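Residue-level structural notes
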Amino acid sequence: MALGKAFLLFGPPGSGKGTQSQLLREKLGFSHLSTGDLLRKHLKNETELGKKARVYMDAGELVPDEVVIGMVQDSLSDFPDNKDFVLDGFPRTRDQAIALDALLNDLNTEVGTCMFLDVETDVLKQRLVGRRVCKSCSTSYHVDFAPSKQEKVCDICQGEVVQRRDDSEEVIMERLIQYEKKTAPLKEYYKQKGILVVLKGENKPDVVFQDVLKIVS
Ligand code: ADP
Ligand code: ZN
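Below you will find a few notes about this structure.

Scoring rules and cut-offs
Residues numbered from 1 in each chain as written. Chains lettered and ligands numbered in written order. Predicted model: local features only at pLDDT ≥ 70, side-chain atom pairs only at ≥ 80, totals over all residues. Heavy atoms only, no water. Donors = N, O, S within 2.8 Å, 3.2 Å for Na, K, Ca; no water. Tetrahedral: all angles 85-135°; square planar, octahedral: opposite > 155°, others 65-115°. Helix = DSSP H or I, 4+ residues; strand = E, 2+ residues; numbered from the N terminus. Buried < 20%, exposed > 50% of the residue type's maximum accessible area, 1.4 Å probe, protein only. Salt bridge = Lys/Arg side-chain N within 4 Å of Asp/Glu carboxyl O. Pairing = 2+ DSSP bridges. Axes fitted to C-alpha atoms, helices over the stretch in contact; angles between N-to-C directions. Contact = heavy atoms within 4.5 Å.

Moving on: the coordination of the zinc ion (ligand 2). Within the protein, C134 (SG), C137 (SG), C154 (SG) and C157 (SG) serve as the donor atoms for the zinc ion (ligand 2), at 2.2 to 2.4 Å. Around the zinc ion (ligand 2) sit four donor atoms, and with donor-metal-donor angles ranging over 98 to 115 degrees the site reads as tetrahedral. Taken in sequence order, the residues that donate to the zinc ion (ligand 2) follow the motif C-x2-C-x16-C-x2-C. One end of the pair, C134, is in strand β5 (residues 131-134); the other, C157, is in the loop between β6 (140-142) and β7 (161-162), with 23 residues separating them in the sequence. C134 sits in the buried class, given a relative accessible area of 3%.

Structure representation (structure tokens):
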């Protein structure tokens with residue numbers, strides 16, 4: 001038995017990785033692993049891992065590789081056999097990418113396609129400063145472009161809609177810097193493997209999703 005293929009949603013903060021993974025989960029029943037969501041769960045539950053990760057996340061820096069890789073390894077072992085799945089926000093460094101290849105190899109599978117969501121920096125900033133998220137189900141909203149029907153209440157689960165701690169202007173700038181420095185070079189890693197696809201991430205979510213569907217189906 002083997003896991004299905006891994007599809008990566010790759011791109012800068014605010015490029016829409018979370019939105020597209022949620023659509024894949026809802027519409028196609030994909031399993032979904034978001035390292036950002038997992039880390040936030042650890043923060044909320046005040047686990048040892050969460051305490052370690054908080055300092056980095058609040059500063060807009062990457063959580064150390066060994067912490068994130070261990071977390072991903074645990075989650076992958078729970079994934080169902082023969083079902084494709086999507087990774088959102090992982091890998092984010094070259095060492096994470098190498099570790100992922102090894103983990104998947106042990107599970108008799110590999111990365112199918114790395115989908116890069118291409119978005120201009122100005123647009124990213126605009127999206128991130130106005131972003132709000134549901135505390136319970138992580139659905140994203142935007143104060144101007146996609147507000148929840150009722151202020152601060154999630155349309156889907158009635159959970160509380162809040163601003164993420166790391167969506168302050170200062171931390172956003174740092175996250176973008178870290179992305180350029182440590183994560184953007186991974187584009188080349190997947191390009192060389194011949195599995196990088198660039199998508200127009202500035203389009204509306206449902207338009208981007210049409211492109212995603214063509215790739216995963
Ligand atoms: P975004 O893509 O909008 O920055 P995420 O929710 O994916 O948001 O990540 C939030 C934070 O969690 C990051 O700024 C980082 O501190 C941490 N994080 C998430 N994924 C990783 C990863 N693969 N490696 C290291 N840190 C990570
Ligand atoms: Zn919700």
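With that settled, the discussion passes to the pattern of salt bridges. Within the structure shown, the criterion is met by twelve salt bridges. Where K193 meets D101, a salt bridge forms, and the shortest distance between an N and an O atom there is 3.2 Å. With K193 in the loop between α8 (186-192) and β8 (196-200) and D101 in helix α5 (residues 94-106), this residue pair connects regions lying 92 residues apart in the sequence. Here D211 and K214 are joined by a salt bridge, their closest N and O atoms 3.4 Å apart. In this pair, D211 and K214 are both assigned in helix α9 (residues 205-216), three residues apart and thus about one turn of the helix distant. When its relative accessible area of 22% is taken as the criterion, D211 is described as partly exposed. Residues joined by salt bridges that share partners form a network here, namely R131, R164, D166, D167 and R175.

An order of β2-β3-β1-β4-β8 is seen for the five strands of this open sheet, with the pairing classed as parallel. Two strands lie at the open edges of the sheet, namely β2 (31-34) and β8, each paired on one side alone. Each strand of the sheet is rotated relative to its neighbour by a mean of 20 degrees, with strand direction disregarded. Here strand β1 (residues 6-10) runs beside strand β3 (residues 85-88); their pairing, made up of four bridges, is parallel. Considered in β3, the bridge of A6 is made with F85. In this fold helix α2 (residues 35-44) packs onto β2 and β3, with an angle of close to 65 degrees to the strand it touches most, β2.

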